[in-house]
Amino acid sequence: MSLKRCNISSQSIWEPLRGYSRAVRVGNQLFISGTTAVDSKGEVVAPGDCYEQTRYIISKIRDILALSGFRTEDIVRTRLAVTNLAKWEDYAKAHREAFEKIRPASSIVQVARLVDPRLTIEMEVDAIKGAELEDPLSL
């Protein structure tokens with residue numbers, strides 16, 4: 001069985017420079033590349049503000065989901081690369097506000113820096129269309 005692949009572009013200057021897509025949809029799965037708080041004009045949003053940058057990124061991710069026919073509830077995994085793990089509560093607050101009801105698998109790691117020193121976070125997301133929530137299991 002062959003699955004169809006659709007590369008999704010945001011028309012950013014970074015995509016052709018690095019040879020990647022903003023997102024890739026394969027069947028009922030969507031993989032969103034590392035997303036930062038840079039607006040459509042190339043300006044950093046809320047420089048140095050961990051909470052506001054996380055909120056902005058989640059908003060961008062929701063736009064990508066909608067464009068691709070997915071919903072926030074389809075998100076099954078998030079990965080956060082942050083520049084200051086001491087501020088983890090700021091990242092966590094924005095993440096919790098967006099994902100508290102669906103609680104995707106998630107990781108947060110500190111990196112030395114991002115492409116612009118005013119950026120504090122880069123987030124990746126994986127989604128599976130129609131991933132309905134069942135009662136949680138506990139270990």
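Here goes a summary of the coordinates provided. Keep in mind that this is a model prediction, so the values were computed, not measured.

**Details of helix α3 (residues 88–99)**
And then number 1: If you check α3, its first and last C-alpha atoms are 16 Å apart, about what 12 residues at 1.5 Å a residue would give, namely 16 Å.
And then number 2: For α3, the complete set of buried residues consists of Y91, A94, H95, A98 and F99. Across the axial projection of α3, the buried residues extend over an arc of 115 degrees, all falling on one side.
And then number 3: Contact partners of the buried residues in α3: α2 (50–67), β4 (75–82), β5 (105–110) and β6 (121–128).

**Structural notes on the layout of surface pockets**
And then number 1: Looking at the largest pocket, its volume works out to about 720 Å³.
And then number 2: As for the largest pocket, its lining consists of 29 residues, of which S12, W14, R22, V38 and K60 are closest to the centre.
And then number 3: The set of elements that each furnish at least two residues to the lining of the largest pocket consists of α1 (14–18), β3 (29–35) and α2.
And then number 4: When residues of the lining of the largest pocket are assigned to their parent elements, the largest contribution, five residues, is made by α2.

**Focus on the nonpolar core**
And then number 1: Ranked by internal contacts, the top residues of the largest apolar core, which has 27 residues, are L30, I32, I61, L65, I75, I121 and M123.
And then number 2: The dominant element in this core, judged by the number of residues it contributes, is α2, at six residues.
And then number 3: Ignoring sequence-local partners within four residues, the contact set of L65 consists of L30, I32, F70, R71, T72, I75 and A127.

**With respect to α2**
And then number 1: Across its 18 residues, α2 extends 26 Å between first and last C-alpha, which sits within 8% of the 26 Å expected from 1.5 Å per residue.
And then number 2: Among all positions of α2, only C50, Y51, Q53, T54, I57, I58, I61, I64 and L65 are buried. One side of α2 carries all its buried residues, which in axial view fall inside an arc of 160 degrees. Among the exposed residues of α2, those pointing more than 90 degrees away from its buried face are D63, A66 and L67.
And then number 3: Structurally, α2 contributes buried residues whose contacts are with β2 (23–26), β3, β4, α3 and β6.
And then number 4: Among the residues of α2, the N-terminal cap falls to D49, whose side-chain oxygen and the backbone nitrogen of Y51 are separated by 3.2 Å.
And then number 5: A positive phi of about 80 degrees marks G69, the residue just after α2.

**A short note on the packing of α2 against α3**
And then number 1: Their axes nearest at 7 Å, the elements α2 and α3 cross at an angle of 30 degrees. In this structure, α2 crosses over α3, and the sense of that crossing is right-handed. For the pair α2 and α3, contact is made by C50, Y51, T54, R55, I58 and R62 and by D90, Y91, K93, A94, H95, E97, A98 and F99, respectively.
And then number 2: When grouped by side-chain class, the residues that make up the contact of α2 with α3 number seven nonpolar, two polar and five charged.

Cut-offs used in this document
- Residues numbered from 1 in each chain as written.
- Predicted model: local features only at pLDDT ≥ 70, side-chain atom pairs only at ≥ 80, totals over all residues.
- Heavy atoms only, no water.
- Helix = DSSP H or I, 4+ residues; strand = E, 2+ residues; numbered from the N terminus.
- Expected span 1.5 Å × (residues − 1).
- Buried < 20%, exposed > 50% of the residue type's maximum accessible area, 1.4 Å probe, protein only.
- Arc of directions from axis to C-beta.
- Contact = heavy atoms within 4.5 Å.
- 1 Å grid on protein atoms, 1.4 Å probe; cavity = no way out; pocket = protein on both sides within 12 Å on 5 of 7 lines; lining within 4 Å.
- Points joined across faces, edges and corners; volume = space filled by probe spheres on them.
- Core = buried A, V, L, I, M, F, W, Y, C linked by side-chain atoms within 4.5 Å.
- Polar contact = N/O pair within 3.5 Å; in protein donor to acceptor, adjacent residues only side chain to side chain.
- Axes fitted to C-alpha atoms, helices over the stretch in contact; angles between N-to-C directions.
- Left-handed = near helix turned anticlockwise from the far one by under 90°.
- Nonpolar A, V, L, I, M, F, W, Y, C, P; charged D, E, K, R; others polar.

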